[in-house]
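Commentary on secondary and tertiary structure
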Amino acid sequence: MSKGKKKKKDAQPRRDRWVLWVFLMAVSLSAALSLASESVLSEAGLVAALLVLAAFIALGILFDIIGVAVTAADERPFHSMAAHREPGATEAIGLLRRASHVSSFCNDVVGDICGIVSGTTGAVIVVQLQKAFSVQTVLLSVSVTALISGLTIGGKALGKTFAMNKSTRVVFLAGKFLHIFHRSSK
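Summarised in this report is the structure supplied together with it. Worth saying up front: this structure is predicted, and the values here are computed from it rather than measured.

A few words on the environment of Ile180. When you line up the elements, Ile180 lands in helix α7 (residues 167–184). It is 8.1 Å that separates the C-alpha atoms of Ile180 and Gly88, two residues lying 92 residues apart in sequence.

Given below as structure tokens:
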């Protein structure tokens with residue numbers, strides 16, 4: 001058997017594992033974030049609901065920035081940093097070498113979950129606003145949904161530009177963050 005055919009045959013189980021891992025991670029994260037959101041929102045007022053909404057929008061934008069940066073950054077500067085034993089450089093190289101997986105996780109898994117939970121939080125906010133103002137109009141729901149969409153999409157558009165222009169810095173900061181967890185887990 002030639003090397004080319006063997007490589008293609010071995011790639012299928014890896015891809016299948018990745019898809020299964022992404023599925024399980026998405027279900028787990030979605031459940032955890034939804035549970036956290038529901039527990040906070042069940043007893044919360046309008047201000048707390050708005051803070052939860054802002055947190056999920058910001059989290060979605062942050063992970064979108066990381067997902068774009070890992071696809072745009074160059075690995076070469078991190079080799080020099082790793083040679084000088086800068087904390088986070090090795091982790092940054094690992095992120096870059098798995099850029100497609102990191103991007104998929106950040107943009108698709110975390111980003112989509114944040115979008116869904118933002119929508120759910122928006123529904124809670126609409127109900128609270130309807131009670132506060134004693135109104136039952138679809139315009140309130142449409143307005144809140146439009147505002148959430150605008151903030152999310154506009155934030156991600158700004159974030160993508162930032163991620164493309166500052167990709168090395170973004171990946172290095174993500175690497176430093178991972179380094180803290182690697183160091184504390186030892």
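Taking 1.5 Å of rise per residue, 18 residues should cover 26 Å, and α7 covers 26 Å from first to last C-alpha, within 8% of that figure. All buried positions along α7 are accounted for by Ser167, Val170, Val171, Phe172, Ala174 and Gly175. Where α7 is buried, its residues touch α2 (46–72), α3 (76–83), α4 (89–97) and α6 (138–165).

What follows covers the pattern of salt bridges. Opposite charge on two side chains permits them to pair, given that their charged atoms come into close proximity. Per the stated rule, a full pass over the model turns up 3 salt bridges. Across the pair Lys160 and Asp64 runs a salt bridge, and its minimum N-O distance is 2.5 Å. Residue Lys160 is found in helix α6, and its partner Asp64 is found in helix α2; the two are separated by 96 residues along the sequence. Judged by its relative accessible area of 34%, Lys160 falls in the partly exposed class. Here Arg97 makes a salt bridge to Glu75, at a shortest N to O gap of 2.9 Å. Note that Arg97 is positioned in helix α4 and Glu75 in the loop between α2 and α3, a separation of 22 residues in sequence. Overall, the relative accessible area of 57% leaves Arg97 in the exposed class. Since its relative accessible area comes to 22%, Glu75 is described here as partly exposed.

Let's shift gears to the nonpolar core. Core analysis: the largest hydrophobic core is formed by 42 residues, its most contacted members being Ile66, Val70, Phe78, Leu96 and Val171. At the level of elements, α1 (3–42), α2, α3, α4, α5 (99–133), α6 and α7 are the ones that each hand at least two residues to this core. A total of 12 residues in this core trace back to one element, the largest contributor, which is α5. Not counting the four nearest positions on each side in its chain, Val171 is found in contact with Ala69, Val70, Ala73, Phe78, Ala92, Leu95 and Leu96.

Right, let's talk about the packing of aromatic side chains for a bit. All chains considered together, the criterion is met by 4 aromatic pairs. Centre to centre, the rings of Trp18 and Trp21 are 5.3 Å apart; their planes meet at 20 degrees, and the pair counts as stacked. Of this pair, Trp18 and Trp21 both sit in helix α1, 3 residues apart, which is roughly one turn of that helix. Geometrically, the ring pair formed by Phe177 and Phe181 is edge-to-face, given 4.9 Å between the ring centres and 65 degrees between the ring planes. With a gap of 4 residues between them, Phe177 and Phe181 both fall in helix α7, about one helical turn apart. Taken together, the ring pairs in this structure connect Trp18, Trp21 and Phe105 into an aromatic cluster.

Parameters at a glance
- Residues numbered from 1 in each chain as written.
- Predicted model: local features only at pLDDT ≥ 70, side-chain atom pairs only at ≥ 80, totals over all residues.
- Heavy atoms only, no water.
- Helix = DSSP H or I, 4+ residues; strand = E, 2+ residues; numbered from the N terminus.
- Expected span 1.5 Å × (residues − 1).
- Buried < 20%, exposed > 50% of the residue type's maximum accessible area, 1.4 Å probe, protein only.
- Contact = heavy atoms within 4.5 Å.
- Salt bridge = Lys/Arg side-chain N within 4 Å of Asp/Glu carboxyl O.
- Core = buried A, V, L, I, M, F, W, Y, C linked by side-chain atoms within 4.5 Å.
- Phe/Tyr/Trp six-rings, centres within 6.5 Å; stacked < 30°, edge-to-face > 60°.

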